[in-house]
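Residue-level structural notes
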Amino acid sequence: MTFGSTRGMSKGYSFSDAVLRGIAPDGGLFIPDEFHVYDSFELSELSTLDYKSLACEIFKHYATDFTAEEIRACVDKAYTGLDVKLTSVNGYLNVLELWHGPTAAFKDMALQILPEFMSVALKKSNRHDKIAILTATSGDTGSAALKGFKDVDNIKLMVFYPVNGVSQMQKRQMVTQEGSNLNVVAVEGNFDDAQTGVKNIFANYEFSQKMAERGYSLSSANSINIGRLLPQVVYYFYAYFLMCKKGAVTFGSKINFAVPTGNFGNILACYYAKKCGLPVNRIICATNDNNVVSEFMTTGTYNANRKFMETISPAMDILISSNLERLLYDMTGEDSALVADLMISLKNQGVYSADKKTMNNINAHFWSSYATQEDCIRTIKSVYERYGYLIDPHTSVGFDVYDKYVISTGDTTKTVTVSTASPFKFNKTVSDSIFGENDTASMNEFEILEYLSAKTGNPIPWPLKDLDKKTVLHKKVCKKSDMIKEVDEFCSK
Ligand SMILES: *Cc1c(COP(=O)(O)O)cnc(C)c1O
(Lines give C-alpha, C1' and ligand atoms only; values in the text may rest on other atoms or scores of the structure.)
Protein backbone atom coordinates (compact mmCIF):
# COMPACT_ATOMS: atom_id res chain seq x y z
CA MET A 1 0.00 0.00 0.00
CA THR A 2 1.35 3.40 -0.91
CA PHE A 3 0.01 6.91 -0.57
CA GLY A 4 -0.32 9.56 -3.26
CA SER A 5 -1.48 13.15 -3.42
CA THR A 6 -4.95 14.53 -4.16
CA ARG A 7 -3.21 16.77 -6.70
CA GLY A 8 -1.71 13.84 -8.57
CA MET A 9 1.96 14.84 -8.81
CA SER A 10 3.32 13.04 -5.73
CA LYS A 11 3.03 9.26 -5.67
CA GLY A 12 4.38 6.13 -4.01
CA TYR A 13 4.92 7.23 -0.40
CA SER A 14 4.89 4.71 2.43
CA PHE A 15 2.62 5.25 5.42
CA SER A 16 5.69 6.31 7.44
CA ASP A 17 6.69 8.88 4.83
CA ALA A 18 3.17 10.25 4.57
CA VAL A 19 2.87 10.59 8.35
CA LEU A 20 6.24 12.30 8.77
CA ARG A 21 5.72 14.69 5.85
CA GLY A 22 2.17 15.66 6.75
CA ILE A 23 1.55 17.39 3.45
CA ALA A 24 2.45 16.00 0.00
CA PRO A 25 5.31 17.71 -1.86
CA ASP A 26 2.94 18.95 -4.60
CA GLY A 27 0.89 20.80 -1.96
CA GLY A 28 -1.92 18.23 -1.94
CA LEU A 29 -3.03 15.84 0.77
CA PHE A 30 -1.99 12.20 1.09
CA ILE A 31 -4.58 9.53 0.35
CA PRO A 32 -4.20 5.75 0.27
CA ASP A 33 -4.05 4.24 -3.24
CA GLU A 34 -6.95 2.02 -2.31
CA PHE A 35 -9.41 1.45 0.51
CA HIS A 36 -10.16 -1.95 1.89
CA VAL A 37 -13.87 -2.61 1.43
CA TYR A 38 -15.41 -4.96 4.00
CA ASP A 39 -18.15 -7.39 2.99
CA SER A 40 -20.90 -8.28 5.45
CA PHE A 41 -19.06 -11.36 6.68
CA GLU A 42 -15.94 -9.32 7.53
CA LEU A 43 -18.13 -6.64 9.10
CA SER A 44 -19.71 -9.16 11.43
CA GLU A 45 -16.23 -10.32 12.43
CA LEU A 46 -15.16 -6.76 13.12
CA SER A 47 -18.27 -6.22 15.22
CA THR A 48 -17.00 -8.66 17.88
CA LEU A 49 -13.76 -6.76 18.53
CA ASP A 50 -12.93 -4.35 21.32
CA TYR A 51 -11.85 -0.83 20.37
CA LYS A 52 -8.11 -1.55 20.31
CA SER A 53 -8.40 -4.71 18.24
CA LEU A 54 -10.78 -3.01 15.84
CA ALA A 55 -8.28 -0.19 15.39
CA CYS A 56 -5.48 -2.69 14.65
CA GLU A 57 -7.65 -4.47 12.07
CA ILE A 58 -8.37 -1.22 10.25
CA PHE A 59 -4.83 0.20 10.43
CA LYS A 60 -3.21 -2.97 9.07
CA HIS A 61 -4.57 -2.22 5.58
CA TYR A 62 -2.87 1.20 5.48
CA ALA A 63 0.17 1.13 7.76
CA THR A 64 1.59 -1.71 5.68
CA ASP A 65 5.19 -0.79 6.45
CA PHE A 66 4.48 -1.33 10.17
CA THR A 67 4.55 -4.85 11.62
CA ALA A 68 1.44 -6.14 13.38
CA GLU A 69 3.35 -5.87 16.67
CA GLU A 70 4.24 -2.24 15.98
CA ILE A 71 0.63 -1.37 15.20
CA ARG A 72 -0.51 -3.16 18.35
CA ALA A 73 2.04 -1.30 20.47
CA CYS A 74 0.93 2.08 19.07
CA VAL A 75 -2.70 1.25 19.77
CA ASP A 76 -2.02 -0.05 23.28
CA LYS A 77 -0.14 3.08 24.26
CA ALA A 78 -2.61 5.45 22.67
CA TYR A 79 -5.94 4.03 23.69
CA THR A 80 -5.32 3.05 27.29
CA GLY A 81 -7.34 5.43 29.43
CA LEU A 82 -9.42 6.56 26.49
CA ASP A 83 -13.04 5.59 26.07
CA VAL A 84 -15.80 5.95 23.48
CA LYS A 85 -19.38 5.95 24.71
CA LEU A 86 -22.72 5.77 22.98
CA THR A 87 -25.44 7.43 25.02
CA SER A 88 -29.12 7.27 24.20
CA VAL A 89 -30.81 10.56 25.03
CA ASN A 90 -34.29 9.33 24.16
CA GLY A 91 -35.64 6.71 21.82
CA TYR A 92 -34.13 8.16 18.69
CA LEU A 93 -31.29 10.52 19.73
CA ASN A 94 -28.04 8.60 20.00
CA VAL A 95 -24.89 10.46 20.94
CA LEU A 96 -21.36 9.26 20.31
CA GLU A 97 -19.27 10.83 23.07
CA LEU A 98 -15.70 11.19 21.83
CA TRP A 99 -14.42 13.20 24.76
CA HIS A 100 -13.53 10.61 27.36
CA GLY A 101 -9.81 11.17 26.82
CA PRO A 102 -7.08 13.15 28.57
CA THR A 103 -8.18 16.62 27.42
CA ALA A 104 -11.95 16.02 27.35
CA ALA A 105 -12.32 16.77 23.63
CA PHE A 106 -12.43 14.59 20.53
CA LYS A 107 -9.00 15.63 19.23
CA ASP A 108 -7.59 13.13 21.72
CA MET A 109 -8.96 10.32 19.54
CA ALA A 110 -6.37 11.14 16.88
CA LEU A 111 -3.68 13.02 18.79
CA GLN A 112 -3.11 10.20 21.25
CA ILE A 113 -2.00 7.90 18.44
CA LEU A 114 -0.35 10.22 15.90
CA PRO A 115 2.78 10.60 18.08
CA GLU A 116 3.07 6.80 18.36
CA PHE A 117 2.81 6.46 14.57
CA MET A 118 5.45 9.18 14.14
CA SER A 119 7.77 7.58 16.62
CA VAL A 120 7.70 4.22 14.78
CA ALA A 121 7.91 5.98 11.40
CA LEU A 122 11.03 7.84 12.57
CA LYS A 123 12.81 4.56 13.26
CA LYS A 124 12.06 3.41 9.71
CA SER A 125 13.02 6.63 8.00
CA ASN A 126 16.47 7.40 6.69
CA ARG A 127 15.39 10.90 5.86
CA HIS A 128 14.56 12.03 9.40
CA ASP A 129 16.35 11.58 12.76
CA LYS A 130 14.42 13.85 15.02
CA ILE A 131 11.30 15.89 14.55
CA ALA A 132 10.34 19.30 15.85
CA ILE A 133 6.60 19.80 15.70
CA LEU A 134 5.35 23.37 15.63
CA THR A 135 1.70 24.17 16.29
CA ALA A 136 -0.32 27.33 16.60
CA THR A 137 -3.50 26.72 18.53
CA SER A 138 -6.69 28.45 19.48
CA GLY A 139 -7.08 25.92 22.28
CA ASP A 140 -8.15 22.32 21.70
CA THR A 141 -5.37 21.19 19.37
CA GLY A 142 -2.61 22.52 21.61
CA SER A 143 -3.64 20.72 24.76
CA ALA A 144 -4.43 17.46 22.94
CA ALA A 145 -1.08 17.54 21.11
CA LEU A 146 0.79 18.21 24.37
CA LYS A 147 -0.82 15.19 26.02
CA GLY A 148 -0.15 13.00 23.00
CA PHE A 149 3.49 13.96 22.40
CA LYS A 150 4.55 14.04 26.05
CA ASP A 151 7.86 12.15 26.45
CA VAL A 152 7.81 10.61 22.97
CA ASP A 153 11.40 9.80 21.92
CA ASN A 154 13.11 12.00 19.35
CA ILE A 155 10.20 14.36 18.97
CA LYS A 156 9.92 17.86 20.38
CA LEU A 157 6.69 19.79 20.42
CA MET A 158 6.37 23.55 20.55
CA VAL A 159 2.91 25.06 21.01
CA PHE A 160 2.17 28.74 20.41
CA TYR A 161 -1.11 30.20 21.60
CA PRO A 162 -2.45 33.76 21.35
CA VAL A 163 -1.95 35.48 24.69
CA ASN A 164 -5.59 36.58 24.94
CA GLY A 165 -7.19 34.16 22.51
CA VAL A 166 -7.82 31.00 24.54
CA SER A 167 -10.16 30.23 27.42
CA GLN A 168 -8.84 30.03 31.00
CA MET A 169 -9.51 26.31 30.97
CA GLN A 170 -7.57 25.71 27.76
CA LYS A 171 -4.70 27.91 28.87
CA ARG A 172 -4.42 26.06 32.17
CA GLN A 173 -4.41 22.71 30.42
CA MET A 174 -1.48 23.85 28.29
CA VAL A 175 0.72 25.78 30.70
CA THR A 176 0.61 23.11 33.40
CA GLN A 177 1.61 20.28 31.07
CA GLU A 178 4.68 18.32 32.16
CA GLY A 179 7.06 16.69 29.70
CA SER A 180 10.72 17.39 28.98
CA ASN A 181 10.17 17.47 25.20
CA LEU A 182 7.40 20.06 25.37
CA ASN A 183 7.36 23.82 25.28
CA VAL A 184 4.43 26.23 25.38
CA VAL A 185 4.79 29.93 24.60
CA ALA A 186 2.16 32.68 24.47
CA VAL A 187 2.35 35.02 21.49
CA GLU A 188 1.40 38.69 21.69
CA GLY A 189 -1.52 39.00 19.27
CA ASN A 190 -4.44 36.89 18.09
CA PHE A 191 -4.66 33.36 16.69
CA ASP A 192 -3.92 34.60 13.19
CA ASP A 193 -0.66 36.18 14.40
CA ALA A 194 0.42 32.93 16.02
CA GLN A 195 -0.52 30.91 12.95
CA THR A 196 1.21 33.27 10.53
CA GLY A 197 4.26 33.15 12.77
CA VAL A 198 4.39 29.36 12.52
CA LYS A 199 3.85 29.44 8.76
CA ASN A 200 6.72 31.91 8.40
CA ILE A 201 9.03 29.59 10.31
CA PHE A 202 8.08 26.68 8.01
CA ALA A 203 8.73 28.86 4.96
CA ASN A 204 12.15 30.00 6.22
CA TYR A 205 14.55 27.86 4.19
CA GLU A 206 17.68 29.03 5.99
CA PHE A 207 16.18 28.13 9.34
CA SER A 208 15.10 24.66 8.22
CA GLN A 209 18.65 24.07 6.94
CA LYS A 210 20.03 25.10 10.31
CA MET A 211 17.61 22.72 12.03
CA ALA A 212 18.50 19.91 9.60
CA GLU A 213 22.16 20.29 10.58
CA ARG A 214 21.09 19.53 14.14
CA GLY A 215 19.16 16.48 12.90
CA TYR A 216 15.69 18.01 13.14
CA SER A 217 12.99 18.03 10.48
CA LEU A 218 10.18 20.50 11.07
CA SER A 219 6.67 19.09 10.95
CA SER A 220 3.16 19.82 12.09
CA ALA A 221 0.43 17.86 13.79
CA ASN A 222 -2.59 19.43 12.16
CA SER A 223 -5.63 17.53 11.02
CA ILE A 224 -4.59 17.10 7.39
CA ASN A 225 -2.05 14.48 8.50
CA ILE A 226 -3.17 11.05 7.30
CA GLY A 227 -2.00 9.71 10.66
CA ARG A 228 -4.71 11.77 12.31
CA LEU A 229 -7.41 10.93 9.82
CA LEU A 230 -7.24 7.11 9.83
CA PRO A 231 -7.74 6.76 13.61
CA GLN A 232 -11.00 8.67 13.26
CA VAL A 233 -12.42 6.05 10.89
CA VAL A 234 -12.32 3.50 13.70
CA TYR A 235 -14.94 5.08 15.93
CA TYR A 236 -17.54 5.17 13.17
CA PHE A 237 -17.30 1.39 12.87
CA TYR A 238 -17.33 1.08 16.64
CA ALA A 239 -20.41 3.32 16.94
CA TYR A 240 -22.29 1.31 14.34
CA PHE A 241 -21.54 -1.93 16.15
CA LEU A 242 -22.65 -0.42 19.47
CA MET A 243 -25.93 0.63 17.84
CA CYS A 244 -26.40 -2.98 16.69
CA LYS A 245 -25.51 -4.42 20.09
CA LYS A 246 -28.06 -2.36 21.93
CA GLY A 247 -30.69 -3.29 19.38
CA ALA A 248 -31.20 0.21 18.03
CA VAL A 249 -30.58 -1.10 14.53
CA THR A 250 -30.49 -4.54 12.92
CA PHE A 251 -27.09 -5.59 11.61
CA GLY A 252 -26.68 -4.53 8.00
CA SER A 253 -29.27 -1.75 7.90
CA LYS A 254 -28.09 1.80 7.44
CA ILE A 255 -27.81 4.64 9.93
CA ASN A 256 -27.09 8.38 9.61
CA PHE A 257 -24.33 10.29 11.32
CA ALA A 258 -24.54 14.00 12.19
CA VAL A 259 -21.13 15.60 12.64
CA PRO A 260 -20.16 19.09 13.91
CA THR A 261 -17.64 20.19 11.31
CA GLY A 262 -14.70 22.58 11.11
CA ASN A 263 -11.66 21.43 9.18
CA PHE A 264 -13.66 18.47 7.76
CA GLY A 265 -11.46 15.81 9.35
CA ASN A 266 -13.99 14.11 11.60
CA ILE A 267 -16.74 13.99 8.98
CA LEU A 268 -14.38 12.86 6.21
CA ALA A 269 -13.48 9.86 8.37
CA CYS A 270 -17.20 9.06 8.48
CA TYR A 271 -17.36 9.16 4.70
CA TYR A 272 -14.27 6.92 4.50
CA ALA A 273 -15.99 4.43 6.83
CA LYS A 274 -18.95 4.42 4.44
CA LYS A 275 -16.61 3.96 1.49
CA CYS A 276 -15.11 0.95 3.29
CA GLY A 277 -18.51 -0.71 3.46
CA LEU A 278 -20.03 0.52 6.73
CA PRO A 279 -23.83 0.74 6.29
CA VAL A 280 -24.21 4.53 6.36
CA ASN A 281 -27.14 6.35 4.78
CA ARG A 282 -26.75 10.14 5.08
CA ILE A 283 -23.87 12.06 6.61
CA ILE A 284 -25.19 15.29 8.07
CA CYS A 285 -22.62 18.04 7.96
CA ALA A 286 -23.22 20.67 10.66
CA THR A 287 -21.37 23.97 10.60
CA ASN A 288 -21.63 27.12 12.73
CA ASP A 289 -21.97 30.72 11.53
CA ASN A 290 -18.75 30.30 9.56
CA ASN A 291 -20.86 28.31 7.13
CA VAL A 292 -18.53 28.07 4.11
CA VAL A 293 -18.85 24.29 3.89
CA SER A 294 -22.62 24.08 4.27
CA GLU A 295 -23.00 26.86 1.71
CA PHE A 296 -20.73 24.93 -0.65
CA MET A 297 -22.78 21.78 -0.22
CA THR A 298 -26.02 23.59 -0.99
CA THR A 299 -24.85 25.96 -3.77
CA GLY A 300 -21.74 24.35 -5.29
CA THR A 301 -19.64 27.46 -4.64
CA TYR A 302 -17.00 27.59 -1.93
CA ASN A 303 -16.45 31.22 -1.00
CA ALA A 304 -13.91 32.07 1.71
CA ASN A 305 -14.14 35.80 1.00
CA ARG A 306 -16.18 36.70 4.02
CA LYS A 307 -15.80 37.93 7.54
CA PHE A 308 -14.35 35.44 9.99
CA MET A 309 -16.81 35.06 12.86
CA GLU A 310 -15.68 34.36 16.40
CA THR A 311 -18.39 32.12 17.81
CA ILE A 312 -19.17 30.15 20.96
CA SER A 313 -18.01 27.00 19.13
CA PRO A 314 -14.45 28.23 18.48
CA ALA A 315 -12.99 24.88 17.36
CA MET A 316 -15.26 25.10 14.32
CA ASP A 317 -14.41 28.70 13.43
CA ILE A 318 -12.72 28.26 10.10
CA LEU A 319 -12.86 29.64 6.57
CA ILE A 320 -10.50 27.20 4.83
CA SER A 321 -11.71 23.69 5.57
CA SER A 322 -8.62 21.77 4.49
CA ASN A 323 -9.79 18.17 4.43
CA LEU A 324 -12.57 19.00 1.98
CA GLU A 325 -9.85 18.64 -0.65
CA ARG A 326 -9.84 14.89 -0.03
CA LEU A 327 -13.60 14.68 -0.50
CA LEU A 328 -13.35 16.65 -3.75
CA TYR A 329 -10.82 14.14 -5.01
CA ASP A 330 -13.36 11.33 -4.59
CA MET A 331 -16.40 13.30 -5.73
CA THR A 332 -14.76 14.49 -8.97
CA GLY A 333 -14.03 10.87 -9.85
CA GLU A 334 -10.41 11.15 -8.67
CA ASP A 335 -9.71 13.97 -11.11
CA SER A 336 -6.52 15.27 -9.51
CA ALA A 337 -5.93 17.93 -12.19
CA LEU A 338 -9.35 19.38 -11.47
CA VAL A 339 -8.75 19.27 -7.71
CA ALA A 340 -5.45 21.10 -8.18
CA ASP A 341 -7.25 23.78 -10.26
CA LEU A 342 -9.94 24.28 -7.62
CA MET A 343 -7.35 24.54 -4.84
CA ILE A 344 -5.29 27.07 -6.79
CA SER A 345 -8.43 29.08 -7.37
CA LEU A 346 -9.16 28.94 -3.63
CA LYS A 347 -5.66 30.11 -2.84
CA ASN A 348 -5.61 32.96 -5.36
CA GLN A 349 -9.24 34.11 -5.47
CA GLY A 350 -10.59 32.66 -2.23
CA VAL A 351 -13.37 30.97 -4.16
CA TYR A 352 -14.14 28.03 -6.44
CA SER A 353 -17.20 26.34 -7.92
CA ALA A 354 -17.65 22.62 -8.50
CA ASP A 355 -19.52 21.18 -11.49
CA LYS A 356 -22.95 19.62 -11.35
CA LYS A 357 -21.78 16.03 -11.43
CA THR A 358 -19.47 16.58 -8.47
CA MET A 359 -22.25 18.26 -6.51
CA ASN A 360 -24.68 15.44 -7.30
CA ASN A 361 -22.15 12.98 -5.97
CA ILE A 362 -21.70 15.01 -2.80
CA ASN A 363 -25.43 15.31 -2.28
CA ALA A 364 -25.85 11.57 -2.62
CA HIS A 365 -23.87 11.13 0.61
CA PHE A 366 -24.20 14.40 2.51
CA TRP A 367 -26.78 16.86 3.73
CA SER A 368 -25.67 20.13 5.24
CA SER A 369 -26.87 23.18 7.11
CA TYR A 370 -25.62 25.48 9.87
CA ALA A 371 -26.57 26.63 13.35
CA THR A 372 -26.40 30.26 14.43
CA GLN A 373 -25.19 31.08 17.93
CA GLU A 374 -28.81 31.68 19.00
CA ASP A 375 -29.77 28.25 17.64
CA CYS A 376 -26.90 26.80 19.57
CA ILE A 377 -27.77 28.41 22.90
CA ARG A 378 -31.44 27.49 22.54
CA THR A 379 -30.49 23.87 21.77
CA ILE A 380 -28.18 23.52 24.80
CA LYS A 381 -31.03 24.76 26.98
CA SER A 382 -33.79 22.67 25.44
CA VAL A 383 -31.77 19.45 25.37
CA TYR A 384 -31.00 19.90 29.06
CA GLU A 385 -34.56 20.81 30.00
CA ARG A 386 -36.14 17.98 28.02
CA TYR A 387 -33.68 15.17 28.63
CA GLY A 388 -31.43 16.30 31.49
CA TYR A 389 -28.48 15.87 29.14
CA LEU A 390 -25.66 18.41 28.91
CA ILE A 391 -24.06 19.21 25.55
CA ASP A 392 -21.23 21.57 24.70
CA PRO A 393 -21.62 24.35 22.09
CA HIS A 394 -19.97 22.29 19.31
CA THR A 395 -22.17 19.26 19.88
CA SER A 396 -25.11 21.64 20.02
CA VAL A 397 -24.42 22.63 16.40
CA GLY A 398 -24.75 18.95 15.50
CA PHE A 399 -28.04 18.59 17.42
CA ASP A 400 -29.57 21.70 15.88
CA VAL A 401 -28.61 20.80 12.32
CA TYR A 402 -29.88 17.25 12.81
CA ASP A 403 -33.24 18.78 13.82
CA LYS A 404 -33.20 20.84 10.66
CA TYR A 405 -32.43 17.71 8.65
CA VAL A 406 -35.40 15.81 10.06
CA ILE A 407 -37.74 18.76 9.50
CA SER A 408 -36.48 19.25 5.96
CA THR A 409 -36.39 15.61 4.81
CA GLY A 410 -38.71 13.69 7.11
CA ASP A 411 -36.04 10.96 7.21
CA THR A 412 -36.61 8.66 10.18
CA THR A 413 -33.42 6.59 9.75
CA LYS A 414 -31.70 5.96 13.08
CA THR A 415 -29.03 8.61 13.59
CA VAL A 416 -25.93 9.00 15.71
CA THR A 417 -24.92 12.56 16.55
CA VAL A 418 -21.23 12.96 17.22
CA SER A 419 -20.35 14.81 20.44
CA THR A 420 -16.94 16.45 20.21
CA ALA A 421 -16.29 18.03 23.60
CA SER A 422 -17.25 17.66 27.22
CA PRO A 423 -19.80 20.33 28.24
CA PHE A 424 -17.50 21.14 31.16
CA LYS A 425 -14.78 22.26 28.80
CA PHE A 426 -17.01 25.13 27.66
CA ASN A 427 -18.70 25.53 31.00
CA LYS A 428 -19.51 29.24 30.87
CA THR A 429 -21.38 29.02 27.58
CA VAL A 430 -23.21 25.91 28.74
CA SER A 431 -24.11 27.32 32.14
CA ASP A 432 -25.21 30.68 30.75
CA SER A 433 -27.31 29.01 28.04
CA ILE A 434 -29.25 27.00 30.61
CA PHE A 435 -29.30 29.13 33.76
CA GLY A 436 -28.75 32.65 32.40
CA GLU A 437 -25.73 34.91 32.71
CA ASN A 438 -26.53 36.46 36.08
CA ASP A 439 -25.55 33.40 38.10
CA THR A 440 -22.02 33.21 36.80
CA ALA A 441 -21.28 36.92 36.23
CA SER A 442 -18.74 37.16 39.03
CA MET A 443 -17.22 33.67 38.71
CA ASN A 444 -14.10 32.50 36.94
CA GLU A 445 -14.18 29.35 34.78
CA PHE A 446 -12.99 27.12 37.61
CA GLU A 447 -15.79 28.30 39.86
CA ILE A 448 -18.31 27.83 37.04
CA LEU A 449 -17.05 24.27 36.65
CA GLU A 450 -18.04 23.52 40.26
CA TYR A 451 -21.27 25.46 39.89
CA LEU A 452 -22.35 23.58 36.76
CA SER A 453 -21.52 20.26 38.36
CA ALA A 454 -23.43 21.03 41.55
CA LYS A 455 -26.42 22.46 39.70
CA THR A 456 -26.80 19.56 37.25
CA GLY A 457 -25.45 16.65 39.27
CA ASN A 458 -22.96 15.72 36.55
CA PRO A 459 -19.39 14.92 37.64
CA ILE A 460 -16.49 17.07 36.44
CA PRO A 461 -14.35 15.03 34.02
CA TRP A 462 -11.00 14.14 35.61
CA PRO A 463 -8.83 16.05 33.11
CA LEU A 464 -10.51 19.32 34.11
CA LYS A 465 -10.48 18.74 37.85
CA ASP A 466 -8.08 20.69 40.05
CA LEU A 467 -6.48 22.33 37.05
CA ASP A 468 -6.35 25.62 38.93
CA LYS A 469 -4.25 23.95 41.63
CA LYS A 470 -1.60 22.63 39.29
CA THR A 471 1.78 24.35 38.96
CA VAL A 472 2.24 26.65 35.99
CA LEU A 473 5.32 25.43 34.12
CA HIS A 474 5.24 27.56 30.99
CA LYS A 475 5.17 31.30 31.59
CA LYS A 476 6.88 32.73 28.57
CA VAL A 477 5.26 35.38 26.39
CA CYS A 478 6.96 36.43 23.16
CA LYS A 479 6.52 38.81 20.26
CA LYS A 480 5.42 37.34 16.94
CA SER A 481 8.81 38.25 15.47
CA ASP A 482 10.59 36.31 18.24
CA MET A 483 8.81 32.97 17.73
CA ILE A 484 11.63 31.70 15.57
CA LYS A 485 14.14 32.50 18.31
CA GLU A 486 12.07 30.47 20.76
CA VAL A 487 12.11 27.44 18.44
CA ASP A 488 15.84 27.87 17.85
CA GLU A 489 16.56 27.94 21.55
CA PHE A 490 14.27 25.04 22.43
CA CYS A 491 15.80 22.84 19.73
CA SER A 492 19.41 23.72 20.54
CA LYS A 493 19.48 21.27 23.44
C1 LIG B 1 -11.67 20.32 16.17
C2 LIG B 1 -13.05 20.28 16.71
C3 LIG B 1 -14.19 20.20 15.86
C4 LIG B 1 -14.07 20.19 14.35
O5 LIG B 1 -13.57 18.98 13.85
P6 LIG B 1 -12.98 18.90 12.35
O7 LIG B 1 -12.39 17.57 12.25
O8 LIG B 1 -11.96 20.01 12.25
O9 LIG B 1 -14.13 19.12 11.42
C10 LIG B 1 -15.45 20.15 16.45
N11 LIG B 1 -15.60 20.21 17.80
C12 LIG B 1 -14.55 20.29 18.64
C13 LIG B 1 -14.79 20.37 20.10
C14 LIG B 1 -13.24 20.32 18.13
O15 LIG B 1 -12.20 20.41 18.98
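Residues numbered from 1 in each chain as written. Predicted model: local features only at pLDDT ≥ 70, side-chain atom pairs only at ≥ 80, totals over all residues. Heavy atoms only, no water.

Under the definition given, this model contains 1 cavity of 30 Å³ or more. Empty space within the largest cavity amounts to approximately 40 Å³. Surrounding the largest cavity, Phe35, Tyr38, Ile58, Tyr62, Leu230, Val233, Tyr272 and Cys276 form its lining. Of the residues in the lining of the largest cavity, the class split is 8 nonpolar, no polar and no charged. (1 Å grid on protein atoms, 1.4 Å probe; cavity = no way out; pocket = protein on both sides within 12 Å on 5 of 7 lines; lining within 4 Å. Points joined across faces, edges and corners; volume = space filled by probe spheres on them. Nonpolar A, V, L, I, M, F, W, Y, C, P; charged D, E, K, R; others polar.)

Before going further, it helps to spend a moment on the pairing of strand E14 (residues 415-419). The element E14 is extensively covered by neighbouring structure, given that 5 of its 5 residues are classed as buried. Residues Thr415, Thr417 and Ser419 of E14 are buried on one face, and the alternating residues Val416 and Val418, pointing to the opposite face, are buried as well. Pairing of strand E4 (residues 93-100) with E14 involves 5 bridges; the strand directions are parallel. The residue bridging Leu93 from the neighbouring strand is Thr415, located in E14. Examined bridge by bridge, strand E9 (residues 255-260) and E14 share 3 bridges and lie parallel to one another. Opposite Ala258, over in E14, you have Thr417 as the bridge partner. (Buried < 20%, exposed > 50% of the residue type's maximum accessible area, 1.4 Å probe, protein only. Helix = DSSP H or I, 4+ residues; strand = E, 2+ residues; numbered from the N terminus. Pairing = 2+ DSSP bridges.)

Moving on, we get to the site of the ligand. Around the ligand lies a shell of 14 residues, among which Lys107, Asp140, Gly262, Asn263 and Thr420 are the nearest. About the coverage of the ligand: the protein hides 97% of its 390 Å² of free accessible area. Among the residues forming the shell around the ligand, the class breakdown is 5 nonpolar, 7 polar and 2 charged. (Near = heavy atom within 4 Å. Areas by Shrake-Rupley, 256 points an atom, 1.4 Å probe, with all protein chains shown as cover.)

As a volume, the second largest pocket reaches approximately 400 Å³. Taken together, 20 residues make up the lining of the second largest pocket; nearest its centre are Lys77, Glu116, Gly148, Lys150 and Val152. Sorting the residues of the lining of the second largest pocket by element identifies helix H4 (68-78), helix H6 (114-124) and helix H7 (140-149) as the ones contributing at least two each. Among the elements that make up the lining of the second largest pocket, the one with the highest residue count is H4 (5 residues).

Moving on, we come to the packing of helix H10 (residues 205-213) against helix H21 (residues 483-490). It is the contact of H10 with H21, at a shortest axis distance of 11 Å, that shows an interaxial angle of 10°. Here H10 lies roughly parallel to H21, going by the angle between them. For the pair H10 and H21, contact is made by Phe207, Lys210 and Met211 and by Ile484, Val487 and Asp488, respectively. Here the residues of the contact of H10 with H21 are counted per class, giving 4 nonpolar, no polar and 2 charged. (Axes fitted to C-alpha atoms, helices over the stretch in contact; angles between N-to-C directions. Parallel < 35°, antiparallel > 145°, perpendicular 65-115°, else oblique. Contact = heavy atoms within 4.5 Å.)

Attention shifts here to H4. Turning to H4, its buried residues number three or more, namely Ile71, Cys74, Val75 and Ala78. For H4, the buried positions fall inside an angular range of 95° around the axis, keeping them on one side. Pointing more than 90 degrees away from the buried face of H4 are the exposed residues Glu69 and Lys77. In this fold, the buried residues of H4 make contact with helix H3 (51-59) and H6. (Arc of directions from axis to C-beta.)

The next thing to look at is H21. For H21, the complete set of buried residues consists of Met483, Glu486, Val487, Asp488 and Phe490. Those residues of H21 that are buried lie in contact with strand E5 (130-136), strand E6 (155-162), strand E7 (182-187), helix H9 (191-203), H10 and strand E15 (477-478).

What follows covers the sheet that holds E9. Spatially, the 6 strands line up as an open sheet ordered E3-E4-E14-E9-E10-E13, and their pairing is mixed. If you trace the sheet from one side to the other, it starts and ends with strand E3 (83-88) and strand E13 (366-370), each paired once. With strand direction ignored, the average angle separating the axes of adjacent strands in the sheet is 20°. Here strand E10 (residues 280-287) pairs with E13 via 5 bridges, running parallel. Opposite Thr287, over in E13, you have Tyr370 as the bridge partner. Of the strands in this sheet, E3, E4, E9 and E14 touch helix H11 (residues 226-245), which is tilted by about 135° from E9.

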